Amino acid sequence: MMEIKEEKNRLVLLDDEQNEIGEMTWSDAGPDSMIIDHTFVDPAFRGQKLAEKLVATGVEVARRTGRKVIPLCPYAKAEFERKAEYHDVWRK
């Protein structure tokens, strides 16, 4: 079972052996916004919707901390464009 661990301005995706196989990072843009600037999943683990899970977890972090998201990372931006349920936290 994959695990997503939250660190400061970073979500880390871990495999069953706790090896880091992906990440999503963000930077703070003032007290009420976060900029998702990078999403990565190891090529060996792609095709399992893991990057999608990272972005979804990032959206949960934004909601929990009362912030809006500026998705600069191309993958995150595509996810925000695809999913209407993220529009409540999308700072356009």
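One structure accompanies this document, and this report is about it. Owing to the predicted nature of the structure, the values given are computational and were not obtained by experimental measurement.

1. Considerations on the overall build of the protein
Helix and strand counts for the protein stand at two helices and five strands. Seen along its three principal axes, the alpha-carbon backbone of the protein occupies a region of about 35 × 25 × 20 Å. Per-residue burial for the protein yields a buried fraction of 42% across its 92 residues. In the protein, the proportion of contacts linking residues at least 24 apart, taken out of those at least 6 apart, comes to 40%. Only carbon and sulfur atoms are counted for the fraction: they give 53% of the accessible area of the protein, which is about 5,200 Å². Charge centroids of the protein, computed over 15 positive and 18 negative side chains, lie 6 Å from each other.

2. Some thoughts on the pattern of salt bridges
Where charged atoms from two side chains of opposite charge approach closely, those side chains can pair. Tallying each qualifying case throughout the model produces 13 salt bridges. Residue Glu79 pairs with Arg82 through a salt bridge whose shortest N-O separation is 2.4 Å. Of this pair, Glu79 and Arg82 both sit in helix α2 (residues 74–82), separated by three residues, roughly a single helical turn.

3. Regarding unusual backbone geometry
Phi at Gln18 takes a positive value of approximately 65 degrees, unusual for a residue other than glycine. Examined against the element boundaries, Gln18 turns out to sit in the loop between β2 (10–14) and β3 (20–28). Of note, Lys49 is a non-glycine position whose phi angle comes to about 60 degrees, a positive value. By the element assignment, Lys49 lies in the loop between β4 (33–41) and α1 (50–65). Overall, the relative accessible area of 57% leaves Lys49 in the exposed class.

Scoring rules and cut-offs
Counting of residues starts from 1 at the beginning of each chain's written sequence and follows it residue by residue. In view of the model being predicted, local features appear only for residues whose pLDDT reaches at least 70, and side-chain atom pairs are presented and counted only at 80 or more, with totals across whole chains, interfaces and linings using the full set of residues. No hydrogens and no water enter the side-chain calculation; it runs on all heavy atoms of the structure. Elements are defined by DSSP. Helices are runs of H or I of four residues or more, strands are runs of E of two residues or more, and each kind is numbered from the N terminus. Burial classes: relative accessible area under 20% of the type maximum marks a residue as buried, over 50% as exposed, and values in between as partly exposed (1.4 Å probe, protein chains only). The contact criterion used is simple: two residues touch if any of their non-hydrogen atoms lie within 4.5 Å. Surface exposure here means Shrake-Rupley accessible area, sampled with a 1.4 Å probe, where a residue is shielded only by the protein chains that are shown. A residue counts as positive if it is Lys or Arg and as negative if it is Asp or Glu; His and the chain ends are not included. Charge coordinates come from a single atom per side chain, which is NZ of Lys, CZ of Arg, CG of Asp or CD of Glu. Criterion for a salt bridge: a side-chain nitrogen of Lys or Arg within 4 Å of a carboxyl oxygen of Asp or Glu.

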